[in-house]
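Spelled out, the chains give:
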Amino acid sequence: MLYLICDISKNCLVNRMNLLMLICEPLLFVSVSKMKDVIILSLLGILGMGRCSKDELVNVALRGKAAQSSTSYGGTAKRAIDGIWNPTYEYLSCSHTSGETSPWWRVDLLETYQVTSVTITNRDTLAERINGAEIRIGNSLENDGNSNPRCALISSIPAGGSTTFQCHGMQGQYVNVFLRGYMQYLTLCEVEVNAHPAPIEMGPTQASELNLIVPVTDNVALKKTTRQSSQYSHMGGSNNAVDGRRLSMYKDKSCSRTKSQVNPWWRVDLQRAYNVTSITVTNIEDVDPEMIDGAEIHIGNSLQNNGNNNPLCAVISSYPAWEVMTFQCSGIEGRYVNVFLPGCNKHLSLCEVEVNVGSRPDMDEHLSSDMRVQDMKRGQDILCPDHKTRYENAATGGIANQSSQWDMFGDANNAIDLSWSNWYLEGSCSHTKAEVDPWWRVDLSKTHNVTYVTITNRGDCCSDRISGAEIHVGDSLFNNGNSNPLCARIPYIPAGQSRTFPCGGISGRYVNILLPGKEKYLTLCEVEVQASTFQAGLPSTAHKTAVTAPNRNLAWLWDLLISLGRTAIRKEETYNQNSTEEETFDHDKISFETQRPVDKVPENLVSGGIEVHSSQYDSHGAASNATDRKRNPLYHAGSCSHTEAETNPWWRVDLLDTYQVTFVTITNRGDCCLHKINGAEIRIGNSLENNGTNNPLCAVISEMREGQPMDIPCNMEGHYVTIVLPGREKYLALCELLTLSTLTAGVA
């Protein structure tokens, strides 16, 4: 049966036989007759993988020896190199440490290799636990290998997904995954170390971490011309951030720093356009290091809005003090690199910015030849407090409730006790149990115009749990108040810190914090609601970044009006915000207590567009199903698109003209597989290069609720809307996609 033509080198054969042993080992508990069949199939599958050569990359971790700082729940270290990518912990293929300070996992490759990349598969629940983990590679076992040079810092990996981190040929025998912090759990469902099959002979010395990660010759920002929005003092000049030094103390005069202001920014002029592969940023250590959280890296050729409207490379989140972090930019073309920090009373400090460029096999041509400047209007939608106006904390004296209570310390009212203690056991934080879509609510006793909501996060542990939470404000208790208008989504709040979110005067009696997802805990150490007593003359909608589109439950009505040729609704038509009237359509309760658009109803251009996708799973999964104006989340009802399992599947709609896309609404599948959409990217632009997947990024979908729609603000211009799901063996299913858009003036 093994009539296979394969140019097999020694190392290739060893790797495949090791994989075979890993697959056969569990079969010791299977009956002999079944074992024969499975082994035959395994031999055919593994030895028939194709041709091997000395130049191809192989997973050298398969033959290694794994260890970890501790083992809990039966999750031995070797499970992470068993060759199985199953992300469900109950299937016994994931490692798991105990809850401890700075847990780690390590694989001994038995020889030194040049590591090209490391691919990590995350578990499908509690996915946020891996956030902040570091990948380290080297030949030392000092500090259990955790002091070796760093390849990458993991900001996040989608639940059940795999992410590859480039290591650029770093040399080492040991690969560590190291998670700093108190009471952390480290779970890995697969770690693949991709390297050339032949080990290298060690020379007398190894390259330093700096040279391995960021070759000096690739840093085109060094000593170039810089500018910033303001300067704090004579020591904080903008040129300090490109002086070639990674000193992280402000007193060393090697860091830039702006004054405290609205939307500070920093920019370097590279003198000509480059394809930027990555940006490396060194954070400050001694002056408010957490202030950089939320900063955006933009790259492009425009100086509109000081360059802050250029295409987005990355967002810096939960950044530790003094750390050096590299952000991948996938070859975005540009002359100007901006670091932009949106918000009020912010100052921006940068101790070094390195702009890394170079040619890659997948980047032979300029990627942005058709890439337009994103009309993001960064900074123009920020609402800052008017310190001349005093707002009451309307939550004081309110009545709080929550979906569940963890223990005696986690009462809902702790979040409005006017104590900003962020240690849970001090009894000043609310805490739910682990559940689906946990929520917290305060009843303000009467309707207010809510201008800001300030939230203080837990400081003793688990600060990342709040990421993705939503703030809702309104007068309805339908769905426990969680269907009220959206004020803001919380991307993250650093441990023990407070963040303020503008709501633009939304009127409401109830303020809800909702955390979508399964097995989620919601902890709040203080919630402050800055509001004034309701005035009928004030606007009842949130500011434009949150609600330029109508409530998603009324989207079907918009489509109907458009189809009848009614493209506008008169301003004089208003909904009664305090009404309890509800009507039923298609067996779904549609509350009319939500705000509506004024002036013009944005068009749902998708309905008349041309849809295509990278492949089709079966007869039920046509691309056009995603724009059929039905939100049926059951796949076999024939209303969802569905690709085959493939690398980087995509779906695209041609809007037939260039539009300003304000919102994209996506409905997730409801009968199974809700996590498969995690990590999908929404891209909008005018180019069909790489099937439209190179267009500017609107957003990345980290998680969606089963069968539910999600509204994503974009405010970007484009002819094509593309959904792409990076990764291998991925399915992309969309049960409805709606775009709320207006025709761009002056576009042919």
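Everything numeric in this text was worked out from a predicted model, so none of it was measured. (Residues numbered from 1 in each chain as written. Predicted model: local features only at pLDDT ≥ 70, side-chain atom pairs only at ≥ 80, totals over all residues. Heavy atoms only, no water.)

Q: Help me understand the overall build of the protein chain in this model?
A: Each helix and strand counted, the protein chain has four helices and 36 strands in total. The buried share among the 748 residues of the protein chain stands at 54%. Sequence-distant contacts, at least 24 apart, represent 78% of the contacts inside the protein chain between residues at least 6 apart. When the accessible surface of the protein chain is totalled, it reaches about 32100 Å², and 51% of it is carbon and sulfur. (Helix = DSSP H or I, 4+ residues; strand = E, 2+ residues; numbered from the N terminus. Buried < 20%, exposed > 50% of the residue type's maximum accessible area, 1.4 Å probe, protein only. Contact = heavy atoms within 4.5 Å. Areas by Shrake-Rupley, 256 points an atom, 1.4 Å probe, with all protein chains shown as cover.)

Q: Would you explain the pairing of strand S12 (residues 265-282) in this entry?
A: Residues in a regular strand project their side chains so that they alternate between the two faces of the sheet. The buried fraction of S12 amounts to 15 of the 18 residues, a majority that puts the element mostly inside the structure. Bridge count between strand S10 (residues 225-228) and S12: four bridges; the pairing is antiparallel. Considered in S12, the bridge of Thr-225 is made with Asp-269. Pairing of S12 with strand S15 (residues 324-340), which is carried by 13 bridges, proceeds in the antiparallel orientation. (Pairing = 2+ DSSP bridges.)

Q: Help me out: how do you make sense of a nonpolar patch on the surface in this one?
A: A grouping of Ile-610, Val-612 and Leu-656 is seen on the molecular surface, where their side chains present a nonpolar patch of about 250 Å² in accessible area. Relative to the helices and strands, Val-612 resides in strand S29 (residues 610-613). Note on Val-612: relative accessible area 30%, which makes it partly exposed. (Patch = residues over 30% accessible without salt bridge, like charges linked within 9 Å, V, L, I, M, F, W, Y side chains within 5 Å. Salt bridge = Lys/Arg side-chain N within 4 Å of Asp/Glu carboxyl O.)

Q: Just checking my understanding: could you explain the state of the cysteines for this structure?
A: Under the defined criterion, the tally for this structure stands at ten disulfides. The disulfide that involves Cys-151 links it to Cys-167, with 2.1 Å between the sulfurs. Across the disulfide from Cys-151 to Cys-167, rotation about the S-S bond amounts to roughly -80°, and the bridge is consequently left-handed. Here Cys-151 is found in strand S6 (residues 150-153), whereas its partner Cys-167 is found in strand S7 (residues 162-178), with 16 residues between them in sequence. Residues Cys-151 and Cys-167 agree in their burial class; the two are buried. Across the disulfide from Cys-255 sits Cys-351; the S-S distance is 2.0 Å. (Disulfide = S-S within 2.5 Å.)

Q: Before we go on, may I ask you to explain the side chain of Asp-443 in this structure?
A: For Asp-443, the position within the fold is in strand S21 (residues 439-456). Given the relative accessible area of 17%, Asp-443 is considered buried. Of the polar contacts made by the side chain of Asp-443, one reaches the backbone nitrogen of Ser-445; its length is 2.8 Å. Among residues more than four places away in sequence, those in contact with Asp-443 are Gly-398, Ile-399, Arg-509 and Tyr-510. (Polar contact = N/O pair within 3.5 Å; in protein donor to acceptor, adjacent residues only side chain to side chain.)

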